[in-house]
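A look at the structure
Listed below, chain by chain, are the residues.
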Amino acid sequence: MNNLNKDTKEITEVILKAKEKAYAELDTGAESEFVRNVKWPVDCVVGPGLEGAIACESKVGYVNGSKGWLVYRGYNIFDLCAYSSFEEVSYLLLYGKLPTENQLKKFKEKLKGYRNIPKTIRLLSSFPVQDMNAMGAVRLGTNLMRQECTFVDKKEYKPDVKTAISADEDSIPMETRPMGERKAIYSLKQAEGITRPSGLSKDLHMPVGFEPALHLISGIPTIAGAVARLRVGELPLNPDPELSHAGNLIYMITGRKPTPVEERIMDISLILHADHGMNASTFATMVVASTLSDLYFAVGSGIAALNGSLHGGANERVVKMLSEIGDSKNVKKWYKKKTAKKEKISGFGHRVYKAYDPRARVLGPLAHFLVKSESDKKIAGLFKVAQELEKEVVSTLGEKKKVFPNVDFYSGIVYSCLDIPTELFTPIFAVSRVSGWTARVLEYLKNNRIFRPRAVYSGPLEEKYVPLNKRK
Ligand SMILES: CC(C)(COP(=O)(O)OP(=O)(O)OC[C@H]1O[C@@H](n2cnc3c(N)ncnc32)[C@H](O)[C@@H]1OP(=O)(O)O)[C@@H](O)C(=O)NCCC(=O)NCCS
């Protein structure tokens, strides 16, 4: 990442300004009761859906919602955004400390090796991805990634148009011949060899230790890129080893090499979304992993959870909402109508944050930075609407109801500036969050205990069984 570039230096300044503002407004009161060592069994006040329940102890990351504060392994999110990269942050989350130069170099090389998942992409291309929900396709791709580890990687393995798919033990028969299959296989045949991740022994069926985490962190962006391309009838692109994780993601989705500014801003967005406490998708991933199912299945569950409209996806709705409002002049009237109907405004409020979301503190100014250099008038218009709407919502609900912009309010505008199609917004969330998911699972597995909360039964106990033919 070219941090010396003048424009990317300006981005660092933007982040440091956001940090300054956050510190100036920071409530310096005592730290919450959720920073401590846990002595089991533990007393806590629990609401429905396990709200408030303490499920585990973790050193991966911490959110203080009432202060609007987020740290990964003790480092505040502003410093990580200003000085770090997604690769470095992933290392930090997984291994618990910042890497040395040499460790980071090796880690990046490893991630680059794992980006090549030709078998997965070939199989994924045989599905009608253009008819699938993008998150569904990413989840499918993640489960297909297990294939990269379950086949014996003999030198003679070559994708074959006639047999490669049908001969595979885990292939799923398709009734219709899906779009892109032939072309995709052909294109992969043209690719320069198949990279077997170097750390795997020849006949290993499943990588062990941290390897599946690295495989997933690298592979999911390749899947997201393939999904973006297949959905518009284009062939998936091979990852570019010259590009960073963030740069390669933009390249594989859009087909164009990003500028240093675009690469840096995507990198920051990936850092911002990498971990966020025991949110629903992290919990889903951990629950599956706690059964000693493997990390591929576990991460597939995280993706499934993230797909729900109460979790990922609000940024898609924000962009739609801003487009509907159309012009900053319409904001007041539109907002009045929505509040009269007691409707929630997308991109505002948060289950955990009852202060300004620190991620929005970074993304708002970054959206502004990007929009200033954008020639696209439509996106500039959306940003103006967003600024106006933020003023309205914060002045009416900010102090009164602790409702402020959340991470999703500006991320959609940022992604639109980077030419990312709207339906890829949530998959990009998964691309980033996989670091947090896997870090937390690997930490939890050290002292694994299968998750097993209880439900309180409130039904009858002594019903008399009535034979089928006697029931009314
Ligand atoms: C995320 C969300 C579900 C959090 O809900 P929550 O924790 O139940 O919120 P709270 O109970 O603290 O809300 C407090 C009050 O603010 C109001 N409020 C919360 N978010 C609001 C929003 N986006 N727009 C308008 N009012 C909102 C609530 O209606 C509530 O009002 P009340 O006291 O009159 O009942 C909610 O803010 C929301 O639906 N936001 C929009 C969707 C979104 O952006 N989601 C992505 C989150 S990353």
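The following paragraphs examine the structure supplied in this document. Just so it is clear, the structure is predicted and the values come from calculations on it, not from any experiment.

1. Some remarks on the overall build of the protein
Secondary structure summary: the protein contains 19 helices and three strands in total. A burial count over the protein gives 44% of its 472 residues as buried.

2. What about the sheet that holds strand β3 (residues 75-76)?
With respect to topology, three strands assemble into an open sheet ordered β1-β2-β3, the strand pairing being antiparallel. What marks the edges here is a single partner per strand, and that holds for β1 (61-64) and β3. Pairing geometry for β1 and strand β2 (residues 69-72), over four bridges, is antiparallel. Bridge assignment links Gly-61 to a residue of β2, and that residue is Tyr-72.

3. Focus on helix α3 (residues 86-95)
Owing to its 3.6 residues per turn, the α-helix aligns residues three or four sequence positions apart on the same side. Taking burial as the measure, the 10 residues of α3 include nine buried ones, the bulk of the element. By the burial criterion, the buried members of α3 are Phe-86, Glu-87, Glu-88, Val-89, Ser-90, Tyr-91, Leu-92, Leu-93 and Leu-94. Two residues or fewer after α3 comes Gly-96, characterised by a positive phi angle close to 90°.

4. Some remarks on the packing of helix α12 (residues 280-290) against helix α19 (residues 425-445)
The geometry of α12 relative to α19 is characterised by a closest axis approach of 9 Å and an angle of 40° between their N-to-C directions. Compared by their axis directions, α12 and α19 come out oblique. For the element pair α12 and α19, the recorded crossing hand is right-handed. Where α12 abuts α19, its residues Ser-281, Thr-282, Thr-285, Met-286, Ala-289 and Ser-290 lie against Arg-433, Gly-436, Trp-437, Arg-440, Val-441, Tyr-444 and Leu-445. Along the lines of polarity and charge, the residues of the contact of α12 with α19 split into six nonpolar, five polar and two charged.

5. Overview of the site of the ligand
Taken together, 15 residues form the shell around the ligand, and within it Ala-314, Lys-344, Phe-348, Gly-349 and Lys-401 come nearest. Sorting the residues of the shell around the ligand by element identifies α17 (377-401) and α18 (407-417) as the ones contributing at least two each. Considered class by class, the residues forming the shell around the ligand number six nonpolar, five polar and four charged.

6. Some details on unusual backbone geometry
In this chain, Trp-40 is followed by Pro-41 through a cis amide linkage whose omega measures -10°. Along the chain, Pro-41 falls in the loop between α1 (6-25) and β1. We note that Asp-419 has phi near 65°; this positive angle belongs to a residue other than glycine. Mapped onto the elements of the fold, Asp-419 is located in the loop between α18 and α19.

7. Thoughts on the packing of helix α14 (residues 314-325) against α18
Any two packed helices are characterised by how steeply their axes cross, that is the angle between the axes, and by the distance between the axes. Between α14 and α18, whose axes approach to 8 Å, the crossing angle comes to 75°. Relative to α18, the element α14 lies roughly perpendicular. On α18, the residues that touch Ala-314, Asn-315, Glu-316, Val-318 and Val-319 of α14 are Asp-408, Phe-409, Ser-411, Gly-412 and Ser-416.

8. Some details on the environment of Met-266
Secondary-structure assignment places Met-266 in helix α11 (residues 260-272). According to the C-beta neighbour criterion, Met-266 is buried, with 27 such atoms within 10 Å. Counting along the chain gives 21 residues from Met-266 to His-245, while the straight-line C-alpha distance between them is 9.3 Å. Sequence-distant contacts of Met-266, defined by excluding residues within four places in its chain, comprise Ala-246, Leu-249, Ile-250 and Leu-418.

9. What about helix α4 (residues 101-114)?
Counted at 1.5 Å a residue, the expected span for α4 with its 14 residues is 20 Å, and the 20 Å between its end C-alpha atoms agrees. Where α4 is concerned, the buried positions are Leu-111, Lys-112 and Tyr-114. Taken end-on, α4 shows its buried residues confined to a sector of 160°, consistent with a single buried face. Facing away from the buried side of α4 by over 90 degrees, the exposed positions are Asn-102, Lys-105 and Glu-109. Where α4 is buried, its residues contact α3, α9 (211-231) and α10 (245-254).

10. A word on the nonpolar core
Within the largest apolar cluster, 121 residues are counted, with the highest numbers of intra-cluster contacts made by Cys-81, Leu-124, Val-138, Ala-224, Val-227, Leu-366 and Val-414. Not counting chain neighbours up to four residues away, the residues in contact with Cys-81 comprise Ile-15, Ile-268, Ile-271, Leu-272 and Val-362.

11. A word on the pairing of β2
Sheet topology places β2 next to β3; two bridges connect them, and they run antiparallel. Its bridge partner being in β3, Val-71 is matched across the sheet by Asn-76. Hairpin connection between β2 and β3: a loop of two residues separates the two successive antiparallel strands, and Arg-73 in this loop has a positive phi of roughly 50°.

12. Let's talk about the environment of His-311
Inspection of the secondary structure assignment puts His-311 in the loop between α13 (295-306) and α14. Judged by local crowding, His-311 falls into the partly exposed class, with 17 C-beta atoms found within 10 Å. Along the chain, His-311 and Asn-279 lie 32 residues apart, while their C-alpha atoms are 8.5 Å from each other. Look past the residues within four positions of His-311 in its chain and what remains in contact with it is Ala-280, Ser-281, Ala-305 and Leu-306.

Reading the values: rules and limits
- Residues numbered from 1 in each chain as written.
- Predicted model: local features only at pLDDT ≥ 70, side-chain atom pairs only at ≥ 80, totals over all residues.
- Helix = DSSP H or I, 4+ residues; strand = E, 2+ residues; numbered from the N terminus.
- Buried ≥ 20, exposed ≤ 12 C-beta atoms within 10 Å, placed from the backbone.
- Pairing = 2+ DSSP bridges.
- Axes fitted to C-alpha atoms, helices over the stretch in contact; angles between N-to-C directions.
- Parallel < 35°, antiparallel > 145°, perpendicular 65-115°, else oblique.
- Left-handed = near helix turned anticlockwise from the far one by under 90°.
- Contact = placed C-beta atoms within 7 Å.
- Nonpolar A, V, L, I, M, F, W, Y, C, P; charged D, E, K, R; others polar.
- Near = placed C-beta within 6 Å.
- Expected span 1.5 Å × (residues − 1).
- Arc of directions from axis to C-beta.
- Core = buried A, V, L, I, M, F, W, Y, C linked by C-beta atoms within 7 Å.

Note that all results are geometric; they support no functional claim without further evidence.
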